[in-house]
Amino acid sequence: MAYNGLIEKYGSFLNLPKHTKTISLLEGNTPLIPAPNLAKYFGLKFELFIKYEGLNPTGSFKDRGMTAAVSEAAGRESHTVICASTGNTAASAAAYAARANIKSIVLIPQGKVATGKLAGAIAYGAQVVQIDGSFDDALTMVVDISNKHPICLVNSINPYRIEGQKTSAFEICDTLGNAPDVLCIPVGNAGNITSYWAGFQQYHQAKGTQLPVILGVQAEGAAPLVLGHPVEKPETIATAIRIGKPARGEQALEAADQSGGNITAVSDDEILHMQKQLAGLEGIWVEPASVAGLAGLYKQTKNGTFDPSGKTIVAVCTGHGMKDPDIITRGFGHPQVISPNIAALEKVIL
Ligand code: AN7
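Owing to the predicted nature of the structure, the values given are computational and were not obtained by experimental measurement.

## Topic: the site of the ligand
Thinking step 1. Near the ligand, the surroundings consist of 22 residues, among which N88, N189, A190, N192 and T318 are the closest.
Thinking step 2. A distance of 2.8 Å separates an oxygen atom of the ligand from a polar backbone atom of T86.
Thinking step 3. In this structure, an oxygen atom belonging to the ligand sits 2.7 Å away from a main-chain N or O atom of A190.
Thinking step 4. Relative to its free-state accessible area of 470 Å², the ligand is covered by the protein chains to the extent of 99%.
Thinking step 5. Those elements that provide at least two residues to the shell around the ligand are α4 (88-100) and α9 (191-207).
Thinking step 6. Considering only residue class, the shell around the ligand consists of 8 nonpolar, 12 polar and 2 charged.

What follows is the structure in C-alpha cells.
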C-alpha cells in the first residue's frame, strides 16, 4: 500500500477537527535503526534502537506536528502561520506553509540558529525575523501577536502539533510489536516528550502495549526542568534546545514522573562526545541536540543511576547532522592537501 503521510496513516488516532485539510510531505515512517555497536560501547547487554527523526522531509521530527498544525490552519483558510524557533520548527513551518500556499513568519534568536535550519527557512520562503533576544523572548512575542491578529501560532502550544507528534510513539510500537522498556529523548520546549507520552498512553489503552520509562534530557546550560526554575540566559552548543522557559515544562515533568523516569542534564562535552560515537560507531550523524537523550542514558549508565541490562531501549534522535555542519567542521579545520599523484597519496594513507 502506498504511504501517504501521517494524517492518512494515523488519522483515526489523532484528535483533529473536521475542517482539517491534509497538507503532507509524506513525513514520518522513519526507520528504527538497531545500534549494536553503540550498545556494546556502553559496556552492558541491552538492545538499543535509534529512532532516526532526521530523515523527515525537512530534516527533523518537527514535520510530524507541522503536518497536523498546518493542515488544521489550511482547513479553516488561515492566511498566515507564525512561530518562534531555535531553527527546526522554522524550517518545518516554512515548508508546510509553502505547500499550503500560506504565508509563514518565523522569529529566531539572533545568531543562534544553525546554518542548515536558517537556510531551510529561507529556501521555503518564510519571512525570517531575528530577535535581539532569546527563543523564550521570541515565543512570548508570537503568542502575543497571534492573540492580537488573525495569525495561526504553530509552536507546540498549538494542540495539533502534539497530536501529530504522537505518531512517532505509534510507529515505534508498530515496529517493535510493543512499546520499548525505555525511551530516551532530548527536551527543549518540551512538546516532543509530551507527545510521546500521550502517544504511548493512547496505544496502551487502545492496543494494550506497555508503557515505557521516559528519560528526558536537557543541556546543562539550559536545564530549567532539572533546576526547577526558568533559566534567564540559556547557553549550550546544542542550539536547538537552548531554551530557558519550556512551554510544556509541567507536562514534561509529569511524563517523566508518571512513567517512572526522570529529567536530567548533560554537558556540551557529553553531547559532542555522543554525537561522535553515534556517527563513528553506527554511521548515524545527527545534530548535537539530537543526541542529548543518548548522552543522558550513557551518563546514567556510567554513574550507576540506571541499569539498562536486558532492556529494549529506543533513543529518539530528533534532527539530521547536516542541519549543523559548522559544529563539525569548526573543530576539524581543513582536510590536508596533497599533490595529485599516487606517491603523495601513499605517503599519507599507508
Ligand atoms: C533537533 O525548532 O524548539 O522539547 O524551535 O530542534 O519538543 O522542544 C526545537 C527543538 C530536540 C526539543 N531536538 O524538542 C525549535 C525547537 C531538536 C530540536 C528539540 C528540538 P522539544
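## Looking at the sheet that holds strand β7 (residues 182-186)
Thinking step 1. Read across the sheet, 6 strands follow the order β1-β2-β10-β7-β8-β9 without closing on themselves; strand pairing throughout is mixed. At either margin of the open sheet sits one strand with a lone partner, and together these are β1 (32-34) and β9 (262-266). The average undirected angle you get between the axes of adjacent strands in this sheet is 25°.
Thinking step 2. Sheet strands in contact with α9 are β2 (47-52), β7, β8 (213-219), β9 and β10 (312-317), and its direction is about 155° off that of β7.
Thinking step 3. This element, helix α12 (residues 268-282), spans β1, β2, β8, β9 and β10 of the sheet and lies at about 90° to β9.

## Some details on the domain arrangement of the chain
Thinking step 1. Taken domain by domain, the chain comprises domain 1 (6-57 + 162-322) and domain 2 (62-160).
Thinking step 2. The C-alpha centroid of domain 2 is placed 22 Å from the C-alpha centroid of domain 1.
Thinking step 3. Facing the 41 residues of domain 1 at the interface are 32 residues of domain 2.
Thinking step 4. Overall, the association of domain 1 and domain 2 removes approximately 2900 Å² of surface from exposure, summing both partners, and the carbon and sulfur fraction of that is 52%.
Thinking step 5. At the junction of domain 1 and domain 2, the tally comes to 4 salt bridges.
Thinking step 6. R64 is the salt-bridge partner of E53, the closest N and O atoms lying 2.5 Å from each other.
Thinking step 7. Inspection of the region where domain 1 meets domain 2 yields 22 residue pairs in polar contact (both at pLDDT 80 or more).
Thinking step 8. Elements with a minimum of two residues in the side of domain 1 that touches domain 2: α1 (6-10), α7 (159-165) and α8 (167-176).
Thinking step 9. The element best represented in the side of domain 1 that touches domain 2 is α7, accounting for 4 residues.
Thinking step 10. Partitioning the side of domain 1 that touches domain 2 into residue classes produces 13 nonpolar, 17 polar and 11 charged.

## Some remarks on the packing of aromatic side chains
Each aromatic ring pair is specified by the distance between its two centres and by the angle formed by the two planes.
Thinking step 1. Scanning the entire structure with this criterion turns up 8 aromatic pairs.
Thinking step 2. Ring centres of F170 and Y203 lie 4.6 Å apart, and the angle between their planes is 15°; this geometry places the pair in the stacked category. Residue F170 is found in helix α8, and its partner Y203 is found in helix α9; the two are separated by 33 residues along the sequence.
Thinking step 3. Taking the centre distance of 6.2 Å and the plane angle of 35° together, the rings of Y196 and F200 count as tilted. Here F200 and Y196 lie together in helix α9, a separation of 4 residues that amounts to about one turn. Like Y196, the residue F200 is buried in the burial classification.
Thinking step 4. Members of the aromatic cluster, joined through ring pairs, are Y10, F13, F170 and Y203.

The rules we used
- Every chain is numbered independently, its residues counted from 1 as its sequence is written.
- Given that this is a predicted model, residues contribute local features only at a pLDDT of at least 70 and side-chain atom pairs are listed and counted only at 80 or more, while totals for whole chains, interfaces and linings are drawn from all residues.
- As a rule here, side-chain values cover all heavy atoms of the structure and leave hydrogens and water aside.
- One heavy atom suffices: a residue is near a molecule or strand as soon as one of its heavy atoms comes within 4 Å of it.
- In protein, a polar contact requires one atom able to donate a hydrogen and another able to accept it; more generally it is a pair of N or O atoms within 3.5 Å, and residues adjacent in sequence count only if both atoms are side-chain atoms.
- Note that accessible areas follow from Shrake-Rupley with a 1.4 Å probe, and for residues the cover is restricted to the protein chains shown.
- Helix and strand assignments follow DSSP, with helices taken as H or I runs no shorter than four residues and strands as E runs no shorter than two, numbered in order from the N terminus.
- In this classification, the charged set is Asp, Glu, Lys and Arg, the nonpolar set is Ala, Val, Leu, Ile, Met, Phe, Trp, Tyr, Cys and Pro, and all remaining amino acids, among them Gly, are polar.
- When DSSP finds two or more bridges between a pair of strands, those strands are recorded as paired.
- Every angle, taken between N-to-C directions, lies between 0 and 180 degrees, and every axis is a line fitted to C-alpha atoms, over only the stretch in contact when it is a helix.
- It only takes one pair of heavy atoms within 4.5 Å for two residues to be counted as in contact.
- Note that domain bounds follow an automatic or database assignment of domains.
- Buried area: the sum, over both parts, of the accessible surface (1.4 Å probe) that disappears when the two are put together.
- We define a salt bridge as a contact between a side-chain nitrogen of Lys or Arg and a carboxyl oxygen of Asp or Glu at a distance within 4 Å.
- We call Phe, Tyr and Trp rings a pair once their centres come within 6.5 Å, taking the six-membered ring for Trp, and we label the pair stacked below 30 degrees between planes, edge-to-face above 60, and tilted otherwise.
- Only protein chains enter the accessibility calculation, which uses a 1.4 Å probe. A residue is then buried if its area is under 20% of the maximum for its type, exposed if over 50%, and partly exposed in between.

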